[in-house]
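Geometric and topological summary
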Amino acid sequence: MLFDIEPKTRREDLFSRDNEVDSILNFIKGRSRFLAIYGIRRVGKTSVLRVALNESNIPYCYIDARALENDFTKRRFYQLLSNCLTELSIKWRLENVIRNIAKIIRGISIFGSGIELNIEVDWRSIYLTDLLNALSKNLDQIVIAIDEAQTLRMLKGGFGKIDLTQILAYTYDNLSNIKVILTGSEVGLLHDFLGLENPKSPLYGRFIEELTITPFNRDASIQFLITGFRQYGIEITMSEILDAVDKLDGIVGWLTYYGNARVRGITNIDEIYRRAMELVNEELRSLLSRSTYYGLALEAIARGKKQFGEIREYITLKLNKYVAPSEIERVLNNLMKMNIISRVSHGEYEIADPIIRMKFSQI
Ligand SMILES: Nc1ncnc2c1ncn2[C@@H]1O[C@H](COP(=O)(O)OP(=O)(O)OP(=O)(O)O)[C@@H](O)[C@H]1O
Ligand SMILES: [Mg+2]
């Protein structure tokens, strides 16, 4: 059903993304080793990825780096890794392969068997490269998919940062049975993390295929809502559909949120937008608490102050104090790296997400 809130995993629930899914399937079949999937929040990256992984018939390990939930320890990361190995074994009946690997590498514990299987990878004793080596040796092909991979730049070990790009570079250079797919909504941060163009980065100069997921156009958005409501047999006027499409800019996550709220019986449209803005508020909370400049910059842009000078003037007036241009530049650059704003024509800044725009124009 189109209005289900969870990321989609089957093509029949996925609206109008055949090309994107096919690109991922072609990548998995083809010769390239790494793929990065970009796109702003809620545009449908995870759904496209999961549908492709499920259709590909190649064993895969899916890690959602957001599930670290601000616990950037090696221990937590290894928990996610353990979960994905467990899923890999059960779903692809690879229990024996994993048992063989566990004989060679000390520190992999296997509890239970069959669908009760549970694998634990000891974070204190296992090197990731050893584990990846073993997987590569024992499987013809495996895909490792890391959702919101930019989050992994924060990983810390006992003695400081864990540099996962080194492990990725090792994989790229040596383990040809492993393909890696990374997604990132904070595109600039993912770029910085991978450092493909940074001579100091271990991944410097490697070729990575790229796929950008873009919002639906107006027609697709209208069709999406019409089809979704039809699935529930709910009558809805065209003027309501057009109004929602005007407000939600083809971001499928918001269209889904809207449809879901409506079919669950929320008829007060303002209430739906209010809840969406609350959600966004929650998601932006840690960013907004970092510095008041972030909220003020977003407010300025949402209210039509789109040039650098106008944004700076808005913030200066609001705070009634001198604000250095370099400060504003830093804030705007960070917002751009997070894909929250972008720079459009004539150096004007724009907020990508319609609900963020709505929220900050209302304050
Ligand atoms: N093509 C699609 N057809 C139907 N529903 C979709 C489609 N793409 C995404 N959705 C729905 O939109 C919402 C957001 O999708 P998804 O989580 O895949 O996007 P995302 O880009 O990974 O978002 P985030 O940046 O928050 O991780 C989910 O509710 C999902 O079910
Ligand atoms: Mg996602």
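Only a predicted model underlies this, so the values are computations on that prediction, with no experimental measurement involved. (Residues numbered from 1 in each chain as written. Chains lettered and ligands numbered in written order. Predicted model: local features only at pLDDT ≥ 70, side-chain atom pairs only at ≥ 80, totals over all residues. Heavy atoms only, no water.)

**Observations regarding the pairing of strand E8 (residues 178-184)**
The condition that has to hold: Think of it in three bands: with a 1.4 Å probe and only protein chains considered, a residue is buried below 20% of the maximum accessible area for its type, exposed above 50%, and partly exposed in between. The secondary structure listing takes helices from DSSP runs of H or I that are at least 4 residues long and strands from runs of E that are at least 2 residues long, numbered from the N terminus. Only strands joined by at least two bridges in the DSSP assignment are considered to pair.
Across the 7 residues of E8, 7 count as buried, placing the element largely inside the fold. The alternating pattern of E8 places Ile 178, Val 180, Leu 182 and Gly 184 on one face and Lys 179, Ile 181 and Thr 183 on the opposite face, and all of these are buried. Both strand E1 (residues 34-38) and E8 contribute to a ladder of 5 bridges, which runs parallel. Counted as the bridge partner of Tyr 38 is Gly 184 from E8. When strand E5 (residues 142-147) meets E8, the two strands line up parallel, connected through 5 bridges. What sits directly across from Ile 144, in E8, is Val 180.

**So, the side chain of Ser 221**
Selection criterion: Under this definition, polar contacts are N or O atom pairs within 3.5 Å; protein pairs additionally need one hydrogen-donor-capable and one acceptor-capable atom, and for neighbouring residues in sequence, both atoms have to be side-chain atoms. Residue contacts are counted whenever heavy atoms from the two residues lie within 4.5 Å of one another.
Its place among the elements puts Ser 221 in helix H8 (residues 218-231). On the accessibility criterion, Ser 221 (1% relative accessible area) is buried. Separated by 2.9 Å, the side chain of Ser 221 and the backbone oxygen of Asn 217 make a polar contact. If sequence neighbours within four positions are ignored, Ser 221 has contacts with Phe 216, Val 245, Gly 250 and Leu 255.

**Here's the deal with the pattern of salt bridges**
Keep this limit in mind: Should a side-chain nitrogen of Lys or Arg be within 4 Å of a carboxyl oxygen of Asp or Glu, the pair is scored as a salt bridge.
Enumeration according to the criterion identifies 24 salt bridges in this entry. Residues joined in a network through salt bridges with shared partners are Arg 11, Asp 18, Asp 22 and Glu 55.

**What to know about the site of ligand 1**
Stated formally: Any residue with a non-hydrogen atom lying within 4 Å of a molecule or strand is treated as near it. For the area figures, the Shrake-Rupley method with a 1.4 Å probe applies, and any residue is considered shielded solely by the protein chains shown. Gly is placed with the polar residues, together with every amino acid not listed as nonpolar (Ala, Val, Leu, Ile, Met, Phe, Trp, Tyr, Cys and Pro) or charged (Asp, Glu, Lys and Arg).
In the vicinity of ligand 1, 25 residues are found, and the nearest of them are Ile 5, Lys 8, Arg 41, Lys 45 and Ser 47. Glu 6 places a main-chain nitrogen or oxygen 2.6 Å from an oxygen atom of ligand 1. Between ligand 1 and the protein, one listed contact pairs an oxygen atom with a backbone N or O atom of Val 43 at 3.2 Å. With the chains in place, 94% of the 620 Å² that ligand 1 exposes on its own is no longer accessible. Put simply, the parts of the chain that give the shell around ligand 1 at least two residues each are helix H2 (45-55) and helix H10 (252-263). Among the residues making up the shell around ligand 1, the classes are represented as 9 nonpolar, 6 polar and 10 charged.

**Things to note about the domain arrangement of the protein**
Basically, it comes down to this: Residue ranges for the domains trace back to a domain assignment, done automatically or taken from a database. The term buried area denotes the loss of accessible surface (1.4 Å probe radius) that occurs when two parts are joined, taken as the sum for both partners.
Along its sequence, the protein is carved into domain 1 (17-212) and domain 2 (284-363). Look at where the C-alpha atoms of domain 1 and domain 2 centre, and you get two points 34 Å apart. Opposite the 8 residues of domain 1 that make contact, domain 2 presents 4 residues. Taking both partners together, domain 1 and domain 2 bury about 560 Å²; carbon and sulfur atoms supply 51% of that area. Taken together, the links from domain 1 to domain 2 amount to 1 salt bridge.

**Quick word on the sheet that holds E1**
Across a sheet, strands are paired by hydrogen bonds formed along the backbone, either parallel or antiparallel in direction. Applied cut-off: Fitted lines through C-alpha atoms give the axes, limited to the stretch in contact for helices. The angle between two N-to-C directions lies from 0 to 180 degrees.
Taken in spatial order, the 5 strands line up as E2-E5-E8-E1-E9 in an open sheet, and their pairing is parallel. In the strand order of this sheet, the two ends are held by strand E2 (60-64) and strand E9 (209-212), each with one partner. When the angles between neighbouring strand axes are averaged without regard to direction, this sheet yields 15°. Of the strand pairs in this sheet, E2 and E5 are connected by 5 bridges, and their pairing is parallel. For Tyr 60, the partnering residue across the bridge sits in E5 and is Val 143. Helix H7 (residues 187-194) contacts E1, E8 and E9 of the sheet and is inclined by roughly 140° relative to E8.

**A few points about unusual backbone geometry**
The phi dihedral of Asp 249 falls on the positive side, at around 55°, and the residue is not glycine. The phi dihedral of His 346 falls on the positive side, at around 50°, and the residue is not glycine. Mapped onto the secondary structure, His 346 falls in the loop between strand E10 (341-343) and strand E11 (349-351). Since its relative accessible area comes to 71%, His 346 is described here as exposed.

**Here's the deal with the state of the cysteines**
Our working definition: When two cysteine sulfur atoms are found within 2.5 Å, that pair is recorded as a disulfide.
Evaluated as defined, the whole model comprises 1 disulfide. The disulfide that involves Cys 61 links it to Cys 84, with 1.9 Å between the sulfurs. Around the S-S axis, the bridge from Cys 61 to Cys 84 shows a dihedral of about 70° and counts as right-handed. Of the two residues, Cys 61 sits in strand E2 while Cys 84 sits in helix H3 (residues 74-91), which places them 23 residues apart along the sequence. According to the relative accessible area criterion, Cys 61 is buried, its value standing at 4%. Residue class for Cys 84 comes out buried when judged on its relative accessible area of 2%.

**A look at helix H1 (residues 18-29)**
The test is simple: Take the residue count of a helix, subtract one, and multiply by 1.5 Å to get its expected span. This arc describes the spread of directions from the helix axis toward the C-beta atoms.
The end-to-end C-alpha distance of H1, which contains 12 residues, comes to 16 Å, matching closely the 16 Å that a straight helix rising 1.5 Å per residue would cover. Of all the positions in H1, only Glu 20, Val 21, Ile 24, Leu 25, Phe 27 and Ile 28 are classed as buried. Each buried residue of H1 sits inside an arc of 155° when the element is viewed along its axis, so together they form one side. Those residues of H1 that are exposed and aimed more than 90 degrees away from the buried face are Asn 19 and Lys 29. In this structure, the buried residues of H1 make contact with E1, H2, E5, E8 and E9.

**Things to note about the packing of aromatic side chains**
Under the convention used in this document: Any pair of Phe, Tyr and Trp rings, taking the six-membered ring for Trp, is counted once the centres come within 6.5 Å. Such a pair is stacked with planes under 30 degrees apart, edge-to-face with planes over 60 apart, and tilted for the rest.
By the definition in use, this model includes 11 aromatic pairs. Here the aromatic rings of Phe 15 and Phe 216 are separated by 5.9 Å at their centres, their planes lie at 65°, and the arrangement is edge-to-face. Taken as a pair, Phe 15 in the segment before H1 and Phe 216 in the loop between E9 and H8 lie far apart in primary sequence, 201 residues in all. Across this residue pair, the class does not change: Phe 15 and Phe 216 are buried. Consider the rings of Phe 216 and Phe 224, whose centres lie 6.1 Å apart with planes at 55°: the pair is tilted.

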